[in-house]
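A closer look at the structure
Given next are the chains, with one letter for each unit.
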Amino acid sequence: MTLDNTARLFKALSEPLRLRILALLLQRDTLCVCDLVTVLEQGQSTISRHLNYLKNAGLVNSWREGTWMHYQIEHHALSLLNLTELQTLLKATPECQSDLVALEKYEIHPRSCQSTS
């Protein structure tokens with residue numbers, strides 16, 4: 001990894017909303033943009049912009065299913081960090097704890113990206 005890539009990685013981690021997104025992705029294998037929009041109570045464009053930032057830094061990868069984009073942690077990039085320590089740190093923050101509770105409540109109901117219209 002180059003110094004520029006390392007700087008980009010740490011810059012991506014310097015935003016609280018991006019850390020909240022990573023904390024949720026560390027708790028689930030994958031999440032759809034619609035999941036993050038609902039749980040984090042942010043607009044789709046805001047969530048997509050931050051996910052794009054994380055993707056450009058190599059922290060997440062994505063794929064399309066129909067009209068929905070799904071994201072997951074890119075574990076090889078996070079192996080440069082102490083993933084266990086990051087996960088423990090994020091779990092301890094009140095914002096991330098609230099986000100996980102909101103995600104668990106949200107998952108009880110049918111998800112927007114999985115409904116058939």
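In what follows, the structure referred to is the one given above.
What comes next concerns the included structure.

About the cut-offs
Residues numbered from 1 in each chain as written. Predicted model: local features only at pLDDT ≥ 70, side-chain atom pairs only at ≥ 80, totals over all residues. Heavy atoms only, no water. Pairing = 2+ DSSP bridges. Helix = DSSP H or I, 4+ residues; strand = E, 2+ residues; numbered from the N terminus. Phe/Tyr/Trp six-rings, centres within 6.5 Å; stacked < 30°, edge-to-face > 60°. Lys NZ or Arg CZ within 6 Å of the ring centre and 35° of its normal.

Put simply, side chains in a regular strand alternate between the two faces of the sheet. Pairing analysis gives two bridges linking strand S1 (residues 31-32) to strand S3 (residues 68-73), with the strands arranged antiparallel. Note on S3: the bridge partner recorded for cysteine 32 is histidine 70. Inspection of the sheet shows strand S2 (residues 60-65) paired to S3 by six bridges, in the antiparallel sense. Note that in S3 the partner of tryptophan 63 across the bridge is histidine 70.

Take the sheet that holds S1 next. Read from one edge to the other, the open sheet built from three strands follows the order S1-S3-S2, with strand pairing classed as antiparallel. Two strands lie at the open edges of the sheet, namely S1 and S2, each paired on one side alone.

What follows is about the packing of aromatic side chains. We describe a pair of aromatic rings using the distance from one ring centre to the other and the angle between the two ring planes. What the rule picks out here adds up to zero aromatic pairs. Between the NZ or CZ atom of arginine 18 and the centre of the ring of tyrosine 53, over which it lies, the distance is 3.9 Å.

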